[in-house]
Amino acid sequence: MSIRTALFVSSLALTAVVAGVIYAATDEGWRHHQSGYYDQALGRASSQTVKDAIRATGLEIKQDRLAGFGSETRIDRCRTCHMAVDDPSFADGKEPLRTHPPTKGHASNEFGCTICHEGRGRALDKAEAHGDDPHCLDPVAVSPYIEASCARCHPEPYLDEMPHVRRGRRLFEQYACVGCHTVRGVSRGTLGPDLSDVGSRWPIAYLRESILVPTANAPLTQMPKFAMPDEDVVDLVVFLKSRRGRTLVEDPITLRTRTREWKEQRPPESAETVEAGAEAVRRRACVACHKLGDEDGGLAPDLSLVGAIRDAAYVDRHLGDPRRDTPDSNMPSFWIAPSERRAIAAFLTARPVPTVPAEPEAQYKALCVRCHGEKGDGEGPAAHNLVPRPRQFTNSRFFDWIAPDRAWKAIREGVPGTAMPAFGKFLDDAQAKALFEWLKTRFHDETRPVPPAARKLPERNPVAWSEARVEATRAVFRQRCYGCHGLLGDGKGPNAPDMLPRPRNLTNTAYFARVDDLRIFESITYGVVGTGMPSWDFLPEDQRWDLVNFVRALSRTGAAAGGSKK
């Protein structure tokens, strides 16, 4: 190719590039919208004077600089495309050339558009301006989600024009969200994240997903999956999206003062009567999770049985600190006065105790189905909110592994540190044994495996307790156990989200106080049937006993809890 030909081709290419740049700069979408507006406005003009004025108007970017929103200076260019928002003759127009519905006291040139509709007001490209990027925190809001913006200037009591925010606020209490989450001025929960500014941190799609599938964005969350209708989900999202930390009508000093006063408030006292307890149970929305009478949240234990399996002191203590007796409980610590706790305890323990049938199958349905499931697979309606998970009776190896007297004891006395209560007031020893025998033959059709060989266990822990030796075992724990049980031994290792049931929480004092050293050694040596706990029998025996003592240290049960084989 000659130099002349090369230069000619290069010139053509450069010309094409320059032409493309010029075309892109002069063929932007907003220019089409403005041209379309002027063309239609000419046809709607009522006089020649108006037509002449329209013809004399050129294409330009319409920019509103809005400085009346505290420290936030907003730039809106929305009217560059939405030319007809203030033109009443376009009431029948199509977007973006359509008259905005009347909003008394909210002139577009004074308030702009994004203060209500969100989006990116400085952008001129539709996709960017409307926030079509899935990672955009503020995509354009439409009804009913646009109501969330109203709360930025109109805090409680909410206006009549904000029905979805008002209903979402009520639902936040009705579903007992107030027990787990803090929202400044609304609730004081400590179990879940603070939601006071959640609307400024997450888009609507994220909030909706977190309600529908709590584990989607937090695999180890304790938040239950509520079976709520879509209209409730929508209104809750609208309310949460309205939480921006500080409204535009609050200055920082006022906010700090109100927050301090709110934090200094004390929960109201209550009469310590059965009647006051009944009202408190209703007000605290206990049936959002629990069953009581004909109401059933389907997520937590049946409160109808409390009078027979717990005493008033336990209920009072559990309401004050749910994780004192059950470290992994997802029961929230409500902002509640001691007198109200005692009133609730009086009400629940004074309720008539249901009569339990005599036959094992009927007993199972009355006492066990809610956690262990109708099929005995550990998938009862409350199971997903219990840690550790209920036992799976469908695993036949479980019945070949567990000692019968241990099973009877668990039924009669419960399992401390877990949600398994004591049914001793319902079932005597003979009934507990009969129920266990019924379980052994009810939930699996497969051929029973050959019973395992007798496990060889020493009579006692041969390794003396030593703080120095326990500390030295930390390296072994990190190498062998950290992946499931976590560095703290709380069952939240990196593998835990993929495991059901979850790894044991080794810091659960109530549980390990009832377990002897030989039981821990057996679990380490042979694994635990029906869980992800493998056999570590290849480790030197002294090292396994060192791990036993290390578990004692994590659970704060010390050497005194060890002993002979039980």
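Above this note sits the structure.
Residues numbered from 1 in each chain as written. Predicted model: local features only at pLDDT ≥ 70, side-chain atom pairs only at ≥ 80, totals over all residues. Heavy atoms only, no water.

Undergrad: So, the packing of aromatic side chains: which residues are in play, and what are the values?
TA: By the definition in use, this model includes 15 aromatic pairs. Note on Tyr-364 and Trp-438: the rings are 5.6 Å apart at their centroids and 45° apart in plane angle, and the pair reads as tilted. Separated by 74 residues along the polypeptide, Tyr-364 in helix 19 (residues 360–367) and Trp-438 in helix 23 (residues 429–442) bring together distant segments of the chain. Residue classification places Trp-438 among the buried positions, given a relative accessible area of 17%. For the ring pair Trp-438 and Phe-443, a centre distance of 5.6 Å and an interplane angle of 85° mean the geometry is edge-to-face. Phe-443 carries the same exposure label as Trp-438, and that label is buried. The rings of Tyr-364, Phe-393, Phe-398, Trp-438 and Phe-443 are connected pair by pair, giving a single aromatic cluster. Cation over ring: Arg-188 sits above Trp-335, and NZ or CZ is 3.9 Å from the ring centre. (Phe/Tyr/Trp six-rings, centres within 6.5 Å; stacked < 30°, edge-to-face > 60°. Helix = DSSP H or I, 4+ residues; strand = E, 2+ residues; numbered from the N terminus. Buried < 20%, exposed > 50% of the residue type's maximum accessible area, 1.4 Å probe, protein only. Lys NZ or Arg CZ within 6 Å of the ring centre and 35° of its normal.)

Undergrad: Account for the pattern of salt bridges, naming residues and giving values.
TA: Scanning the entire structure with this criterion turns up 31 salt bridges. Close ionic contact of Glu-279 with Arg-283 constitutes a salt bridge, the shortest N to O distance being 3.8 Å. Of this pair, Glu-279 and Arg-283 both sit in helix 14 (residues 274–283), four residues apart, which is roughly one turn of that helix. Residue Arg-283 is classed as partly exposed on the basis of its relative accessible area, which comes to 42%. Put simply, Glu-279, Arg-282, Arg-283, Arg-284 and Glu-340 are held in one network by salt bridges that share partners. (Salt bridge = Lys/Arg side-chain N within 4 Å of Asp/Glu carboxyl O.)

Undergrad: Just give me the short version of the packing of helix 2 (residues 29–44) against helix 3 (residues 48–55), but keep the residues and values in it.
TA: A pair of packed helices is captured by two measures, namely the crossing angle of their axes and the spacing between those axes. Remark: helix 2 packs on helix 3, axes separated minimally by 9 Å, with the N-to-C direction vectors making an angle of 170°. Comparing their axes, helix 3 and helix 2 come out roughly antiparallel. Together, Tyr-38, Ala-41 and Leu-42 of helix 2 and Lys-51, Ile-54 and Arg-55 of helix 3 make up the contact between the two elements. A breakdown of the residues in the contact of helix 2 with helix 3 according to their chemical character gives four nonpolar, no polar and two charged. (Axes fitted to C-alpha atoms, helices over the stretch in contact; angles between N-to-C directions. Parallel < 35°, antiparallel > 145°, perpendicular 65-115°, else oblique. Contact = heavy atoms within 4.5 Å. Nonpolar A, V, L, I, M, F, W, Y, C, P; charged D, E, K, R; others polar.)

Undergrad: For helix 2, give the residues involved together with the corresponding values.
TA: Counted at 1.5 Å a residue, the expected span for helix 2 with its 16 residues is 22 Å, and the 23 Å between its end C-alpha atoms agrees. Residues of helix 2 that are buried: Trp-30, Gln-34, Gly-36, Tyr-37, Tyr-38 and Ala-41. Those residues of helix 2 hidden inside the fold are in contact with helix 3. (Expected span 1.5 Å × (residues − 1).)

Undergrad: Provide a residue-level description of the nonpolar core, including the pertinent values.
TA: If you look at the biggest cluster of nonpolar residues, it comprises 27 residues, and the most contacted ones within it are Phe-172, Tyr-175, Ile-211, Met-228, Leu-236, Val-237 and Leu-240. At the level of elements, helix 8 (163–174), helix 11 (204–212) and helix 12 (230–241) are the ones that each hand at least two residues to this core. When residues of this core are assigned to their parent elements, the largest contribution, seven residues, is made by helix 12. Excluding anything up to four places from it in sequence, Tyr-175 contacts Phe-226, Met-228, Pro-229, Asp-232, Leu-236 and Ala-288. (Core = buried A, V, L, I, M, F, W, Y, C linked by side-chain atoms within 4.5 Å.)

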